[in-house]
Amino acid sequence: MSEAKTTEFDRHMIEALVCPVTQSVLSYDADKQELVSKAARLAFPIRGGIPVMLVDEARKIED
């Protein structure tokens, strides 16, 4: 499988995920490698290409 296909597959997987706290849509921050829930004010890390959707592992977003 080519790298482009892998990236596309990962992107589709990420688009299917929702926030485990609010069930709202997540946005992808490519620079920080995080999935961001604006509703819950949490950023979930992506490690080794795998989203870590645990609240205990999420970073709190400050305004």
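What you see is a predicted model; the values in this text were computed from it and never measured.

Some thoughts on the environment of Arg11
Next up, step 1: Note on placement: Arg11 falls in helix H1 (residues 3-16).
Next up, step 2: Look at Arg11 and you get exposed, because its relative accessible area is 56%.
Next up, step 3: Between the C-alpha atom of Arg11 and that of Tyr28, which follows or precedes it by 17 residues, the distance is 9.2 Å.

Some points on the nonpolar core
Next up, step 1: Grouped together as the largest cluster of nonpolar side chains are eight residues: Ile14, Cys19, Leu26, Leu35, Leu42, Phe44, Ile46 and Ala58.
Next up, step 2: At three residues, the largest contribution of residues to this core is made by strand S3 (residues 42-47).
Next up, step 3: If near-sequence neighbours (up to four positions away) are discounted, Cys19 is found in contact with Ser24, Leu26, Ser37, Ala40 and Phe44.

Topic: the pairing of S3
Next up, step 1: In terms of residue burial, S3 counts as a mostly covered element, since five of its six residues are buried.
Next up, step 2: Both strand S2 (residues 34-37) and S3 contribute to a ladder of four bridges, which runs antiparallel. The residue of S3 that forms the bridge with Val36 is Ala43.
Next up, step 3: Count of turn residues in the S2/S3 antiparallel hairpin: four residues, of which Arg41 carries a positive phi of about 55 degrees.
Next up, step 4: Pairing geometry for S3 and strand S5 (residues 59-60), over two bridges, is antiparallel. From the neighbouring strand, Leu42 faces S5, where its bridge partner is Lys60.
Next up, step 5: Where S3 lies against strand S4 (residues 50-51), two bridges are found, and the strand directions are antiparallel. Bridging across to S4, Arg47 finds its partner in Ile50.
Next up, step 6: The antiparallel hairpin formed by S3 and S4 contains two residues in its connecting segment, where Gly48 sits at a positive phi of about 60 degrees.

So, how was this worked out
- Residues numbered from 1 in each chain as written.
- Predicted model: local features only at pLDDT ≥ 70, side-chain atom pairs only at ≥ 80, totals over all residues.
- Heavy atoms only, no water.
- Helix = DSSP H or I, 4+ residues; strand = E, 2+ residues; numbered from the N terminus.
- Buried < 20%, exposed > 50% of the residue type's maximum accessible area, 1.4 Å probe, protein only.
- Core = buried A, V, L, I, M, F, W, Y, C linked by side-chain atoms within 4.5 Å.
- Contact = heavy atoms within 4.5 Å.
- Pairing = 2+ DSSP bridges.

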